[in-house]
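# Chains, contacts and geometry: an overview
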Amino acid sequence: MFRLTAKELDRAKHAIEYHGYSTMLPDPVEWQDLKDRWETIRDELRHINLEHYRPRPPILVTAAKDDKSTRVLHLLHPHNMLLYTSLTLLLKDDIEASRIPTVDKRVYSYRASPDDNRLYQTTQNLHFNYIQRLKYKVARKKNTFVGVTDIANFYTSIPQSNLLKLLVNVASTKRNKKAARLLVSTFAKPLMTHYGEGIPTGPYASRLIAEVLLNDIDRHLTSMDVDFVRWVDDFNFFTHSFTATQRVILELSGWLYKEHDLSLQSAKTRILDAKAYSKELLLDLEDILSDKAEIFSLLVTGSDYDVEDDVDGVDDIMDDVHAMELLEMLVDALVERERVDYRIIDFTVRRLRRINLDRIVAEEILNVLIENLERLVPVIESVARLMSHLRPRDKDRRKHVARRLLGSIDDIGAIDHYAVWILTIFVRDQRWGCVNELIDVFRRAESNAIKHYAALAVDKAGHGESLQVSSDSRKGGPEWRW
């Protein structure tokens, strides 16, 4: 028998609230329902014997990686998410203890947090350190070539038998070893029945679990005396020649297939000289924007403008300058017809969410986004979050934009992830309206994910008059609609 304690479940809830519910997907409204009834739900969950537990199937959501490939995300039921995260937290410290130490400056992704209520450390800081390490490595005279690669369909291809063995090996206590077995047998296997292998893509706990297998690869590369730096399954190899880099990649490819039945993604496997690597892969968009802002600041402080007398005024001006620069970067990125640079688009859209936008500038940004919706599929999460802040005040204009958003769902086709985020705009703000159009989306949808979010949007916009979702949970009933 294996049961989680109330404290362990509380830790999982805190971790999910801190990191987010699921990467790339909006928080489901059922999660808020659970939080509203937390003491009751926790009491139910702590009495479950996980050795006999069978999780509800996840909602599968097809998402675009870029303009040429897709992935499948797994939206877990809130009960499953809590239990899966609780088990991972039990193993968190054991996983970290088995990994290559941070002082080696080789592996940066998802280092376990010392905080009991968090899975791993702040990724923004870790990723910054990762990029700085890459810059340091490529600047060294002996590193004239760099190999870059990642693992094809990594999360959904992880061999569960290998993962189980590695998790059990790192577990430091009998209880933790049982937790390791349950993570694979009770969760990974049932949740991944469509694939036969792998772990769910989406839960933040999966990121920490995946590092167990990646650590096995790190150990192998270290035994080969390879100079490498890694972020998740993105590997960077630094060598003195093209041939040496090629040898590392070929050896790793053979070992991966033999030991873990995994393969490198050929489309992303490249060998570059140091100069090309720096130019193509270490482009710092933040620095570009900062440089322009600094120039403007010097112009302002060098003029007759009294900064001390009107600090807020300077901040407002700087927001406008940032917004115009970001808008220019966004338009330039979209002008390129052959290959859209989604790094730039995602960067600009995320930054636009962080500054105060003038009404006229906001309208210009909205126009650019609306005109290019079909080209923004891989970054729709960032776009949708920004779009929520750009809702037009004029009723007719708002209705026009709303219809364009909903109409694009049919134009995009089978990318569920796109539809989910568009519908989330309507779920979060009933003032967008368009109840009839939302009902049409629900009726036409073949995907369970689209139906789920369309029903939620109708419920929100129609004030609960039709297609209600999670009604049982809102009334305090025992079952969730999933």
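### Observations regarding the pairing of strand β5 (residues 234-239)
When a strand is regular, its side chains alternate between the sheet's two faces. Burial runs high along β5: five of the six residues are buried. Note that strand β3 (residues 145-150) and β5 share six bridges and pair antiparallel. Looking across to β5, one finds that V148 is bridged to N236. In the sheet, strand β4 (residues 228-231) pairs with β5 via four bridges, with the strands oriented antiparallel. For R230, the partnering residue across the bridge sits in β5 and is F235. Hairpin connection of β4 to β5: two residues between the antiparallel strands, including V232 at a positive phi of 50°.

### Describing the nonpolar core
In terms of nonpolar packing, the biggest core is built from 154 residues, with L87, I217, I345, L405 and F426 touching the most fellow members. For this core, the element with the most residues is helix α9 (residues 204-223), which contributes ten residues. Apart from the residues within four sequence positions on either side, L87 is in contact with F2, L4, L50, A179, L182, L183 and F187.

### Let's talk about the packing of aromatic side chains
Any pair of aromatic rings gets described here by the distance separating the centres and the angle formed by the planes. Enumeration according to the criterion identifies twelve aromatic pairs in this entry. Taken together, a centroid distance of 5.7 Å and an interplanar angle of 50° make the contact between Y110 and W231 tilted. A residue pair is termed long-range when its members are at least 10 positions apart, and Y110 in the loop between α4 (78-98) and α5 (123-139) and W231 in strand β4 qualify at 121 residues. Ring geometry for F154 versus Y155: centroids 5.6 Å apart, planes at 70°, classification edge-to-face. Put simply, the rings of Y108, Y110, Y120, Y130 and W231 pair up and form one aromatic cluster.

### A look at the sheet that holds β5
Across the sheet, four strands lie side by side as β4-β5-β3-β6; this open sheet has antiparallel pairing. Each edge of the open sheet is held by one strand with a lone partner, namely β4 and β6 (270-273). Going from strand to strand, the sheet's axes swing by 20° on average, the running direction of each strand aside. Looking at chain direction, β3 and β6 are connected through four bridges and run antiparallel. Bridging across to β6, V146 finds its partner in L272. Relative to the sheet, α5 contacts β3, β4 and β5, its axis offset from that of β4 by approximately 155°. Against the sheet, α9 makes contact with β4 and β5, and its axis sits at roughly 175° relative to β4, the strand it touches most.

### Re the environment of F2
Of note, F2 is situated in the segment before α1 (6-19). Through-space distance from the C-alpha of F2 to that of N49 is 5.3 Å; in sequence the pair is 47 residues apart. Residues contacting F2, with those up to four places away along its chain left out, are I48, N49, L50, E51, L87, L90, R175, K178, A179 and L182.

### Side note on the confidence of the model for the protein
Summarising the model, the protein shows a mean pLDDT of 87, and 87% of its residues fall at 70 or more. Confidence over residues 292-318 falls short of pLDDT 50; this stretch has 14 contacts with residues more than four positions distant or in other chains. Note on residues 468-480: pLDDT is under 50 here. Beyond four places in sequence and across chains, it has 34 contacts.

### Considering the packing of helix α18 (residues 416-428) against helix α20 (residues 448-461)
Where α18 contacts α20, the axes come no closer than 8 Å and their chain directions differ by 10°. Taken together, the axes of α18 and α20 are roughly parallel relative to one another. Along this stretch, α18 crosses α20, giving a crossing that reads as left-handed. Each of D416, A419, V420, L423, T424, F426, V427 and R428 in α18 lies in contact with α20, whose residues at this interface are A449, I450, Y453, A454, L456, A457 and K460. In the contact of α18 with α20, the residues fall into eleven nonpolar, one polar and three charged.

So, how was this worked out
- Residues numbered from 1 in each chain as written.
- Predicted model: local features only at pLDDT ≥ 70, side-chain atom pairs only at ≥ 80, totals over all residues.
- Heavy atoms only, no water.
- Buried < 20%, exposed > 50% of the residue type's maximum accessible area, 1.4 Å probe, protein only.
- Helix = DSSP H or I, 4+ residues; strand = E, 2+ residues; numbered from the N terminus.
- Pairing = 2+ DSSP bridges.
- Core = buried A, V, L, I, M, F, W, Y, C linked by side-chain atoms within 4.5 Å.
- Contact = heavy atoms within 4.5 Å.
- Phe/Tyr/Trp six-rings, centres within 6.5 Å; stacked < 30°, edge-to-face > 60°.
- Axes fitted to C-alpha atoms, helices over the stretch in contact; angles between N-to-C directions.
- pLDDT = per-residue confidence, 0-100.
- Parallel < 35°, antiparallel > 145°, perpendicular 65-115°, else oblique.
- Left-handed = near helix turned anticlockwise from the far one by under 90°.
- Nonpolar A, V, L, I, M, F, W, Y, C, P; charged D, E, K, R; others polar.

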